[in-house]
Amino acid sequence: MAHVYNLRTVKHVTNNYKTLRKYNEKKDPMTNICHVEMGPFDLKVHGKKRKDRFYYGVRIVTGCQETAGTASQVYLELIGNEGQTGKIDIGDNWKMFQSSDATFDDYIIECDRDLGEVQLVTLGNSGYRSMNSEAGWYVDFTFVVNLQTKVEQIFPCYHWIGDGDSFTDSAHCATLKQVQNNSILVQKRKQQVEERKETYVWLIFRDSGVPSGIDTTNTPPPLDEKFEKVKNQNFMGNLYKGLAFGLGGGIFKVAKQIMSASLGRDVDDYQTANNLHTFYEIVKSLETSEKKTSGHDCNLEEHSLVAYEGNRWISDVEFGRHILNGVNCVLIERCTELPYNFPVTNHMVKNVLCRGMSLQMEMKEGYVYICNLSELLDGLLCREGYYCAAPLCLLYVNPAGNLVPIAIQLQRNPGKDNPIFLPTDYWLDWLLAKIYFSNSNAQHHQVSSHYIACHAAMEAYSVATMRTIPDAHPVYKLLKPAFRYTMAINTAARGNLISDGGVVDQVFSIGSDTAVSGKNELFRRISAMYNVHSTNINKNLIARGVGDADKLPNYYYREDGVRLWDAIESFVTSIIHLFYLNDTDVEQDTELKEWAYEVHNFGFPSYRTLPQGRGFPQQIKSRTELIEYCTLIIFTASVQHSAVNFGQFQTYGYVPNSPANMRRPVPTQKNVATYDDLLESLPTVMATGVSVAFTYSLSQFSDDEIFLGGYPTMWFTGEKEKACVTEFLNSLRAINTDIIARNKKLDIPYIHLLSQRCPSSITV
């Protein structure tokens, strides 16, 4: 039975660990995690200890985030297997936690009875604070030492504790509910998830069918899900992010002012580029403008404008490189039989087939591939004056190992006004066909591969986890870093990016100023096809028939992605096996059962002909299943999102390489295109400036980014779990070493899946 004992705080001292020399020396360059060493707990009781009293040393570590401290009245409670302290007011001096972030406060607590083994620490915020002070208090962890037995314990927190009588519980170690032998701790687990259900409320998108998210219509997002100050400054503070996200309908007005000033001439709203070099000038002008306004360079990657250099973007080899290793690297499929609506003949392509075989034989041997957007994009409404193809593209791996396009049809149904364009055609005809395909590919990439498969799916997993799994659960500890900032970035996207009249509607071909738009219909069509296993790289490669490196070489997304999946899966396996000794343990975990039920029924509800779950099971019955889905979630948040996001400036920065919109109807004839037709088909100078700013902003890392494998220092407290993390990091370092060595041999390195470039969560 628990008892509340007479107690008092007998001593307190505050230190700032950012002033310690070791603070900056301990920052891991691969994960961006700072490992802080604060020294031993050496606070002493004044005078003699009373023999009829029990003493506990407590160290509370406030986070290093700006505004992590608080001026509120805060309290502490220790719960042991023999009793509990009740609330201990530790913020009686309102300046105690306000002084700065990155502090650790040491206390000695005196009790009249032994608490036994301390198993839970509760930290609370009563909400009484001085005017103009920050409301929240961010705590990394609490350290407790029994001064009688010298037993030391760590209680991870890593939560914002808001004002208004809010609190959070920290368990010493990860445990399953069914092995928890303390009834108070069992009740605390239940209480934690029940309270979260009040703030993490499902928002179901019944019209679009997109995976569900968090509803912030009537309540603000939970403190834990908001951008921290550094992230908010990075996200909204510079020219590009402000232009793309913060200005809504005024983006073109602001862009016009910036472009005119940077180019040194007036820019008309509908001005066509004078020549192809103008598109390069726009990028450089915005780079100059950023340096003038912020004093900083844009820090463009070495190969970010490789498409422009030497007119590389015009070549078929460069086109194939973008299909394999550009941002929409999951569209290509092996072609074993031509679609019914793509009547390519052997005669059409015989001059580009290099092995002396027919097209049918090349397909049989596995050297022919296809990108088919004809059904998905057919009939989509576009903005007035803008156009989008519904193309099919046939590709071929030549004996040199290069993937090149050999036939492109721009509309779904074949006919005399829908010719099949070939590399042997007039060069402008062929170039325009590739540009129209790339424009369509961009629409698919942003809606399908990027937003639905990564952003929306991860938000569904995140909300379900917070509603059903307490902090003390090993699956929570495994997955929580994969959810950092995801709800915040998605909420911002729904407000300014993909909303009706938002950036996508103003920049992309399929946008509109009304709810009746090609964009919204594309969301519906893709949602009606979506399956969670689309980001299981091994299953996806098999489904698309692109797993054979001998038949389809130089597919670096595949090579690097599979190795990273294996590393993540090995790490997840090691953690899961520590806590689940067999499949029965999995089946008996009622919290895990509730989690799977929420993901299946509410995260991915039924839509059109798709059943609930969309590939995610209603119940997880084995360790193998649990490992697969935890691996899938971590991989989607980090590796998959990095592959489809951080190369956006390289793909879209030089706009002719992959324009967001096209201003001329899809070509219906050959041998009539002119250079002026090419320029007038491409986006205006103004739209180009906005597009460049938009894609630049999406390709940047935040100063407080945490990369794959970056678990906070005290996230796992058990030595075995820590060993698993260390082994995981060692695996990632080995993969990085191999990628760097390979990239040195490449003309254009594939850098997007270096783990130090893969944030552990979706933050942009």
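Residues numbered from 1 in each chain as written. Predicted model: local features only at pLDDT ≥ 70, side-chain atom pairs only at ≥ 80, totals over all residues. Heavy atoms only, no water.

Undergrad: Would you explain the overall build of the chain in this entry?
TA: Along the chain, the regular secondary structure elements total 24 helices and 16 strands. Within the chain, the fraction of its 764 residues that count as buried is 61%. Counted over contacts in the chain with a minimum sequence separation of 6, partners at least 24 positions apart contribute 76%. Approximately 29,700 Å² of the chain is accessible, and the part contributed by carbon and sulfur atoms is 49%. (Helix = DSSP H or I, 4+ residues; strand = E, 2+ residues; numbered from the N terminus. Buried < 20%, exposed > 50% of the residue type's maximum accessible area, 1.4 Å probe, protein only. Contact = heavy atoms within 4.5 Å. Areas by Shrake-Rupley, 256 points an atom, 1.4 Å probe, with all protein chains shown as cover.)

Undergrad: Just to check I follow, could you spell out the packing of aromatic side chains for this structure?
TA: In this description, a pair of aromatic rings is defined by centroid distance and the angle of the planes. In this structure the tally under the stated criterion is 25 aromatic pairs. Taking the centre distance of 5.3 Å and the plane angle of 80° together, the rings of Phe227 and Tyr485 count as edge-to-face. Pair noted here: Phe227 is in the loop between strand 11 (213-214) and helix 3 (229-237) and Tyr485 is in the loop between helix 12 (474-479) and helix 13 (486-497), with a separation of 258 residues, a long-range link. Assigned by exposure class, Phe227 and Tyr485 land together as buried. Between Tyr426 and Trp427, the aromatic rings sit 6.4 Å apart at their centres with planes inclined by 70°, giving edge-to-face as the arrangement. Judged by relative accessible area, Tyr426 falls into the partly exposed class, the value being 36%. (Phe/Tyr/Trp six-rings, centres within 6.5 Å; stacked < 30°, edge-to-face > 60°.)

Undergrad: Can you walk me through the sheet that holds strand 13 (residues 368-372) in this structure?
TA: The strands that make up a sheet pair up through hydrogen bonds in the backbone, lying either parallel or antiparallel. Within the open sheet, the 5 strands sit side by side as 12-13-14-15-16. Their pairing is antiparallel. With partners counted over all chains shown, the strands left at the sheet margins are strand 12 (333-334) and strand 16 (420-421), one partner each. In the sheet, strand 15 (residues 403-409) pairs with strand 16 via 2 bridges, with the strands oriented antiparallel. Bridge pairing links Ile408 to Phe421 in strand 16. The strands that helix 11 (residues 427-468) touches are strand 13, strand 14 (392-397), strand 15 and strand 16; relative to strand 15, the one it contacts most, it runs at about 90°. (Pairing = 2+ DSSP bridges. Axes fitted to C-alpha atoms, helices over the stretch in contact; angles between N-to-C directions.)

Undergrad: When you look at unusual backbone geometry in this model, what are you seeing that I'm missing?
TA: Excluding glycine, residues mostly have negative phi values, and the peptide bonds linking residues are mostly trans. Even without a glycine there, the phi angle at Asn32 is positive, about 70°. Examined against the element boundaries, Asn32 turns out to sit in the loop between helix 1 (22-25) and strand 2 (54-62). A relative accessible area of 23% means that Asn32 is categorised as partly exposed. Positive phi values are uncommon outside glycine, yet Tyr485 reaches one of about 70°.

Undergrad: Just checking my understanding: could you explain the pattern of salt bridges for this structure?
TA: As enumerated under the stated definition, the model contains 31 salt bridges in all. Between Arg53 and Asp52 there is a salt bridge, with its nearest N and O atoms 3.3 Å apart. What makes Asp52 partly exposed here is its relative accessible area of 39%. The partner of Glu628 in a salt bridge is Lys539, with the nearest N and O atoms 2.7 Å apart. Pair noted here: Glu628 is in helix 20 (residues 623-645) and Lys539 is in helix 16 (residues 537-544), with a separation of 89 residues, a long-range link. Classification of Lys539 by relative accessible area gives partly exposed; the value is 39%. Here the residues in one salt-bridge network are Arg50, Asp52, Arg53 and Glu110, joined through shared partners. (Salt bridge = Lys/Arg side-chain N within 4 Å of Asp/Glu carboxyl O.)

Undergrad: Where do I start with the nonpolar core in this structure?
TA: Most often, soluble globular proteins keep nonpolar side chains buried together rather than apart. With 196 residues, the main nonpolar core has Leu394, Tyr461 and Trp595 as its most contacted residues. By residue number, the principal contributor to this core is helix 11, which donates 21 residues. Non-local contacts of Tyr461, meaning those with residues more than four positions away in its chain, are made with Phe483, Val532, Trp595, Val599, Phe604, Phe616, Leu632 and Ile633. (Core = buried A, V, L, I, M, F, W, Y, C linked by side-chain atoms within 4.5 Å.)

Undergrad: For this particular structure, what's the right way to read helix 16?
TA: The α-helix winds at 3.6 residues per turn, so residues separated by three or four positions along the chain end up facing the same way. Taken residue by residue, helix 16 has Ile537, Asn540, Leu541 and Arg544 as its buried positions. Each buried residue of helix 16 sits inside an arc of 100° when the element is viewed along its axis, so together they form one side. Exposed residues on helix 16 whose side chains face more than 90 degrees from its buried face are Ile542 and Ala543. Where helix 16 ends, the next residue or the one after it, Gly545, has phi of about 70°, a positive value. (Arc of directions from axis to C-beta.)

Undergrad: Just to check I follow, could you spell out the packing of helix 16 against helix 17 (residues 556-579) for this structure?
TA: Pairs of packed helices are described in terms of their axes, by the angle between the two and the distance that separates them. Contact geometry of helix 16 with helix 17 gives a least axis separation of 9 Å together with a crossing angle of 145°. From helix 16, Ile537, Asn538, Leu541 and Arg544 reach across to helix 17, where they touch Tyr557, Arg558, Gly561, Val562, Trp565 and Asp566.

Undergrad: What's the story with the layout of surface pockets in this structure? I'm lost.
TA: If you roll a probe as big as a water molecule over the atoms, it shows you where there is empty space left. Roughly 760 Å³ of internal volume is contained in the second largest pocket. As for the second largest pocket, its lining consists of 25 residues, of which Val330, Glu333, His444, Ser448 and Met529 are closest to the centre. Every element with two or more residues in the lining of the second largest pocket is listed here: helix 10 (374-377), helix 11 and helix 16. Considering each element in turn, the lining of the second largest pocket owes the most residues, 5 residues, to helix 11. A class-by-class count of the residues in the lining of the second largest pocket yields 10 nonpolar, 10 polar and 5 charged. (1 Å grid on protein atoms, 1.4 Å probe; cavity = no way out; pocket = protein on both sides within 12 Å on 5 of 7 lines; lining within 4 Å. Points joined across faces, edges and corners; volume = space filled by probe spheres on them. Nonpolar A, V, L, I, M, F, W, Y, C, P; charged D, E, K, R; others polar.)

Undergrad: Teacher, can you tell me more about the pairing of strand 14 here?
TA: Counted residue by residue, strand 14 has 6 buried out of 6 residues, so it is predominantly covered. Side chains Leu392, Leu394 and Tyr396 project from strand 14 onto one buried face, and the interleaved Cys393, Leu395 and Val397 project onto a second face that is buried too. Alignment of strand 13 against strand 14, held across 5 bridges, turns out to be antiparallel. Bridging across to strand 14, Ile370 finds its partner in Leu394. Two elements, strand 14 and strand 15, share 6 bridges in a ladder whose sense is antiparallel.

Undergrad: Is there a simple way to explain the confidence of the model for the chain in this structure?
TA: Parts of the model with low pLDDT should not have their predicted coordinates read in detail. Confidence in the prediction for the chain averages 87 pLDDT; 85% of positions are at 70 or higher. Counting contacts from residues 21-25, a segment whose pLDDT is below 50, to residues more than four positions away or on other chains yields 6 contacts. Low confidence marks residues 244-249, where pLDDT is under 50. Its contacts with residues over four positions away, or in another chain, come to 14 contacts. (pLDDT = per-residue confidence, 0-100.)

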